[in-house]
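A closer look at the structure
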Amino acid sequence: MKRTKRLQTLCGELLPCAVFADIGCDHGYMAQYVLENSLCERAYISDISPASLQKACVLLSEYMLSGKVKSFCCAGLEQIPHDAEQVLIAGMGGEEIIGILRDGFFPPRLVLQPMKNTDKVRSFLLENSYSVERDYTFSDEKFYDVLCAVHGGKPRRYDRLSILFGYDNLHSPGEDFLKYLRMELQKCRDRLSASADDIPAVSSRMEQLTEALHEAERNLR
């Protein structure tokens, strides 16, 4: 498997299950990982791009011949059988992930890695009876968010700041998240200092980042 910190981090969030599905599977590395490590009995892979799906099919050809992997060229969960117990959707925008789930079905467990609009994904999950059990930011050349959610169960208490920045980031912050906040704050300062006029959206963003940093640093003590 291609070993990047991003892929290794996502692999670390996958739990044993009977049927795993990777939506937007690209090269098929994640399905390869769960199968090689006996984390699932069967896997579904899908991608809207026939060329990307073909790469994954070549990588997983032996598993496909044995019936352990089925491939689907489709958008989102469109053709994925509903017996998928754990679904990974990584590398897509938050609104795209929401659309996939809204137009598809609600799997028992989700591992999501939105590229943007993670706050909207958090809200959507909570509004649709998901308990978000893992919610944090990590760095691999750029910053990524990870959400692990289970349908049903007792949800953690998300307030406004947790929706914006992530529950674990605020309550048990890691160095990557603190680095992210400080970098974003500096970007806001630079933009405001370069402008003769106040930019309300930037000032508002700066207030949110400052509040999040204070909360995270307080919980480190």
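For the structure itself, look to the data block above.
Criteria and cut-off values
- Residues take numbers from 1 onward in each chain, read along the sequence in its written order.
- Local features in this predicted model are restricted to residues of pLDDT 70 or higher, and side-chain atom pairs are both shown and tallied only at a pLDDT of 80 or more, whereas totals for entire chains, interfaces and linings draw on every residue.
- The basis for every side-chain value is the complete set of non-hydrogen atoms in the structure, without hydrogens or water.
- Put simply, DSSP H or I for four residues or longer makes a helix, DSSP E for two residues or longer makes a strand, and each gets a number counted from the N terminus.
- By this rule the span expected of a helix is its residue count minus one, scaled by 1.5 Å.
- Here's how the labels work: a residue is buried when its accessible area is under 20% of the maximum for its type, exposed when over 50%, partly exposed in between, all with a 1.4 Å probe on protein chains only.
- Contact definition: two residues touch when any of their heavy atoms are within 4.5 Å.
- Whether two strands pair depends on DSSP finding at least two bridges between them.
- Each salt bridge in this description consists of a side-chain nitrogen of Lys or Arg and a carboxyl oxygen of Asp or Glu lying within 4 Å of one another.
- Lines are fitted to the C-alpha atoms to define the axes, a helix being fitted only along its stretch in contact, and any angle between axes, read from their N-to-C directions, falls within 0 to 180 degrees.

Notes on helix α10 (residues 200–220)
Three- or four-residue spacings in an α-helix give side chains the same orientation, since the helix completes a turn every 3.6 residues. In a regular helix each residue adds 1.5 Å, so 21 residues correspond to 30 Å; α10 covers 30 Å between its end C-alpha atoms and thus fits that length. Within α10 the residues assigned to the buried category are V202, S203, L209, A212, L213 and A216. Contact partners of the buried residues in α10: α7 (160–165), α8 (167–171) and α9 (175–193).

Section: the pairing of strand β6 (residues 130–140)
Burial of β6 is extensive: 8 of the 11 residues sit out of reach of the surface. Direction of pairing for β6 relative to strand β7 (residues 142–151): antiparallel, over a ladder of 10 bridges. Bridge assignment links T137 to a residue of β7, and that residue is D145. What sits between β6 and β7 in their antiparallel hairpin is a turn of 1 residue, with E141 showing a positive phi close to 75°.

Some points on the pattern of salt bridges
According to the stated counting rule, one finds 11 salt bridges in the structure shown. For the salt bridge of E13 with R134, the shortest nitrogen-to-oxygen distance reads 2.7 Å. With a gap of 121 residues between them, E13 in the loop between α1 (5–12) and β1 (19–23) and R134 in strand β6 connect regions that are remote in the sequence. Given the relative accessible area of 6%, E13 is considered buried. Given the relative accessible area of 37%, R134 is considered partly exposed. Note that R218 and E215 form a salt bridge whose closest N and O atoms lie 2.9 Å from each other. Of the two residues, R218 and E215 are both situated in helix α10; the distance of 3 residues between them amounts to about one turn of the helix. Relative accessible area serves as the criterion here: at 22%, E215 is assigned to the partly exposed category.

Some details on the sheet that holds strand β5 (residues 109–114)
With respect to topology, 7 strands assemble into an open sheet ordered β3-β2-β1-β4-β5-β7-β6, the strand pairing being mixed. In the strand order of this sheet, the two ends are held by β3 (69–73) and β6, each with one partner. The mean inter-strand angle of the sheet, taken between neighbouring strand axes irrespective of direction, is 15°. Alignment of strand β4 (residues 86–92) against β5, held across 6 bridges, turns out to be parallel. Within the sheet, the bridge partner assigned to A90 lies in β5 and is Q113. Against the sheet, helix α5 (residues 94–103) makes contact with β1, β4 and β5, and its axis sits at roughly 150° relative to β4, the strand it touches most.

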